[in-house]
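# Breakdown of the fold
So you can see what is in the structure, the chains are spelled out below.
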Amino acid sequence: MENCEKARLFGSALVLLQGVVTALFPRASVRLTKKMIGKNFHNADELDAKPAYLRQLRAVGVGMIAAGGTGLLLADAEGAETSDRAGTEDAADE
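Below you will find a few notes about this structure. (Residues numbered from 1 in each chain as written. Predicted model: local features only at pLDDT ≥ 70, side-chain atom pairs only at ≥ 80, totals over all residues. Heavy atoms only, no water.)

A few words now on the pattern of salt bridges. For the structure on display, the rule yields 1 salt bridge. Between R8 and E5 there is a salt bridge, and its shortest N-O distance comes to 3.4 Å. Here E5 and R8 lie together in helix α1 (residues 2–24), a separation of 3 residues that amounts to about one turn. Using a relative accessible area of 45% as the deciding quantity, one classes R8 as partly exposed. (Salt bridge = Lys/Arg side-chain N within 4 Å of Asp/Glu carboxyl O. Helix = DSSP H or I, 4+ residues; strand = E, 2+ residues; numbered from the N terminus. Buried < 20%, exposed > 50% of the residue type's maximum accessible area, 1.4 Å probe, protein only.)

Right, dumping it as structure tokens:
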């Protein structure tokens with residue numbers, strides 16, 4: 001159970017970090033997408049991202065920041081709640 005919680009925290013932190021990079025540097029995401037598409041298609045390097053697509057990438061990045069941050073905050077709140085319960089149970093046992 002502890003490993004599952006650590007994996008969830010790691011995933012939330014990773015989504016948060018990816019969201020920051022995508023929101024601040026959408027052209028880096030475009031370059032990565034071009035490289036991935038270029039593995040299977042010819043002339044992928046000639047593609048040009050429209051400004052609307054870059055705005056959409058920024059919006060996706062902001063959403064990822066919100067999702068990752070929420071995951072981290074909920075895990076922190078859940079951990080505090082669990083430790084409060086453990087303290088209450090220990091006091092009741094005495």
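To continue, consider helix α2 (residues 26–38). With 13 residues, α2 ought to run about 18 Å at 1.5 Å a step, and its terminal C-alpha atoms sit 18 Å apart, in line with that. P26, S29 and V30 are the residues of α2 that are buried. One side of α2 carries all its buried residues, which in axial view fall inside an arc of 100°. For α2, the exposed residues lying more than 90 degrees away from the buried face are R27, R31, L32 and K35. (Expected span 1.5 Å × (residues − 1). Arc of directions from axis to C-beta.)

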